Amino acid sequence: MNQDAIDKMYMRRCLQLAKHGQMLAKPNPMVGAVIVCHGRIIGEGYHVRFGEGHAEVNAFASVKSCDEQLLPESTMYVSLEPCSHFGKTPPCADLIIRKGVRHVVCGSVDPFAKVRGRGIQRMRDAGIDVKVGVLEDECLELNRPFMTFNTYKRPYILLKWAQTANGYIDDHGKALSLSTPFTKMLVHQLRSEYDAILVGRVTDEREHPQLNVREWSGPDPLRLVLRDGHSIEILLKELFEKNIQTLMVEGGTRTLQSFMDMGFWDEIRIETAQTTVEDGTLAPVLPKNIQFSKRTVVDGNVIDIFDKKAGV
């Protein structure tokens, strides 16, 4: 096995570990770290909970005392660039330097303004050999909301709606239940993973949606209503300043279309039921800069996921 293949193998383990922090690491990114010496993993860890030790700290803590002497001969793999600033915890780049590790492999650069290459440079200045970009796409994809939030200075935005087989979201302007009990539970599970959820004024006044996770176990998102005359740009700026990293928009059509027309979206989820109606409010028109990502069929309803085209 050549070195590139070896590096990818251990980076996959970093990604596997990182996913364990999905619920508790927020608003920090999910990160995994692995320490390898002569083909043997001597330490590994992930960022378990916001405010506590980062992946690198936990990986070093897992190293047995008898293996501490191997650190200068070891390579540390980490899915995201080690931090270089004092936050809730001390800089991980400094810890790596103190531990004497001579080789570090990073999956991706951290877009957070206080890091953004500084951790990599600090380690290189200390004489550490640093390789960057192993499984970079996978590492970036793991933390899409975190990357979007820090790159574009706004929350990661999911647009979500349910529609009939002939493209309506209601029945002659009246609310229409299109989700099955199971797909409704899936929506509530999804809500538990988002910081905030938003509907427009008309939807709020007509349906009085609770927008909580009563069908799932988890935290309720912050409930928001977009009132007439309130600028979407201002709203997103306010959410960024409040460290709201993820936003789900559930409609109706005018609100969803406004987000799409302004380019403020990252992912679209459409549930299409087998039901048809004679008339009603038409579903939003999908933007041109869209690419199909995934389709699943649940209880006869089709759930399609779309992403933005790369580079858009």
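Look above for the structure.
**Quick word on the sheet that holds strand β9 (residues 246–249)**
- Ordered in space as β8-β7-β9-β6-β10-β12-β11, the seven strands form an open sheet in which the pairing is mixed. The sheet is open, and its two edges are formed by β8 (222–226) and β11 (290–298), each paired on a single side. Pairs of neighbouring strands in the sheet enclose a mean axial angle of 20°, with direction left out of account.
- In this sheet, β8 lies alongside strand β7 (residues 196–200) in parallel orientation, the contact comprising five bridges. Bridged to Gly200 within β8 is Leu226.
- Its contacts with the sheet put helix α6 (residues 144–152) on β6 (156–163), β9, β10 (267–272) and β12 (301–308), and the angle it makes with β6 is roughly 120°.
- Most of the contacts of helix α10 (residues 253–261) go to β6, to which it runs at about 140°, and overall it touches β6, β7, β8, β9 and β10.

**A look at the nonpolar core**
- Ile35, Phe60, Met76, Ile96 and Val104 are the most contacted members of the largest nonpolar core, which has 26 residues in total.
- Other than its neighbours up to four places away in sequence, Ile96 contacts Glu56, Phe60, Met76, Pro82, Val101, Val104, Met123 and Ile128.
- One finds Val249, Ile268, Ala283 and Phe306 within the second-largest nonpolar core, a separate group that totals 25 residues.

**Some points on the pairing of β12**
- For β12, the tally of buried residues reaches seven of eight residues, placing the bulk of the element in the interior.
- Both β10 and β12 contribute to a ladder of six bridges, which runs antiparallel. Across the sheet, residue Glu267 finds its bridge partner in β12, namely Asp307.
- Bridge analysis of β11 against β12 gives eight bridges, and the strand direction is antiparallel.

**Comments concerning α10**
- Looking only at α10, the buried set comprises Thr253, Thr255, Leu256, Gln257, Phe259 and Met260.
- Taken from the residues just after α10, Gly263 is the one with a positive phi, measuring 80°.

**A short note on the sheet that holds strand β1 (residues 32–37)**
- Across the sheet, which stays open at both edges, the five strands sit in the order β2-β1-β3-β4-β5 with mixed pairing between neighbours. Of all the strands in the sheet, the pair left with one neighbour each is β2 (40–46) and β5 (129–132). Taken over all neighbouring pairs, the strand axes of this sheet differ in orientation by 15° on average, direction set aside.

**Remarks on the packing of aromatic side chains**
- For the structure on display, the rule yields three aromatic pairs.
- Seen from their ring centres, Tyr10 and Tyr77 are 5.2 Å apart, and the 40° between their planes marks the pair as tilted. With a gap of 67 residues between them, Tyr10 in helix α1 (residues 3–18) and Tyr77 in strand β3 (residues 75–78) connect regions that are remote in the sequence.
- Assessed through its relative accessible area of 2%, Tyr77 is described here as buried.
- Ring centres of Phe149 and Phe240 lie 4.6 Å apart, and the angle between their planes is 40°; this geometry places the pair in the tilted category. In this pair, Phe149 sits in helix α6 while Phe240 sits in helix α9 (residues 232–241), placing the two residues 91 residues apart along the sequence.
- Residue Phe149 is classed as buried on the basis of its relative accessible area, which comes to 5%.
- Sitting over the ring of Trp265, Lys308 keeps its end group 5.4 Å from the ring centre.

**Describing the environment of Cys139**
- Mapping Cys139 onto the fold places it in helix α5 (residues 136–142).
- For the pair Cys139 and Ala273, spaced 134 residues apart in sequence, the C-alpha separation works out to 34 Å.
- When near neighbours in sequence (up to four residues on either side) are disregarded, Cys139 contacts Met11, Leu15, Ser79, Gly107, Ser108 and Val134.

**Overview of the pattern of salt bridges**
- Within the structure shown, the criterion is met by 20 salt bridges.
- The shortest N-O distance in the salt bridge between Asp228 and Arg201 comes to 2.8 Å. Highlighted residues: Asp228 in the loop between β8 and α9 and Arg201 in helix α8 (residues 201–207), separated in sequence by 27 residues.
- The class for Asp228 is partly exposed, based on a relative accessible area of 49%.
- For Glu241, the salt bridge goes to Lys237, with nearest N and O atoms at 2.6 Å. Of this pair, Glu241 and Lys237 both sit in helix α9, four residues apart, roughly one helical turn.
- A cluster of three or more residues bridged by salt bridges with shared partners is formed by Arg201, Glu205, Asp228 and Arg254.

**Comments concerning unusual backbone geometry**
- The amide bond that connects Lys26 to the next residue, Pro27, takes the cis arrangement and shows omega of 5°.
- With an omega of 10°, the peptide bond running from Gly251 to Gly252 counts as cis.
- Looking at the element boundaries, Gly252 is found in the loop between β9 and α10.
- Residues other than glycine seldom take positive phi values, yet Leu135 does so here, at roughly 55°.
- Mapped onto the elements, Leu135 comes out in the loop between β5 and α5.
- With a phi close to 65°, Asn243 is a non-glycine residue in the positive phi region.
- For Asn243, the position within the fold is in the loop between α9 and β9.
- The exposure class of Asn243 is partly exposed, given its relative accessible area of 36%.

About the cut-offs
- Residues numbered from 1 in each chain as written.
- Predicted model: local features only at pLDDT ≥ 70, side-chain atom pairs only at ≥ 80, totals over all residues.
- Heavy atoms only, no water.
- Pairing = 2+ DSSP bridges.
- Helix = DSSP H or I, 4+ residues; strand = E, 2+ residues; numbered from the N terminus.
- Axes fitted to C-alpha atoms, helices over the stretch in contact; angles between N-to-C directions.
- Contact = heavy atoms within 4.5 Å.
- Core = buried A, V, L, I, M, F, W, Y, C linked by side-chain atoms within 4.5 Å.
- Buried < 20%, exposed > 50% of the residue type's maximum accessible area, 1.4 Å probe, protein only.
- Phe/Tyr/Trp six-rings, centres within 6.5 Å; stacked < 30°, edge-to-face > 60°.
- Lys NZ or Arg CZ within 6 Å of the ring centre and 35° of its normal.
- Salt bridge = Lys/Arg side-chain N within 4 Å of Asp/Glu carboxyl O.

Everything listed is a geometric property; what it means functionally is a separate question.
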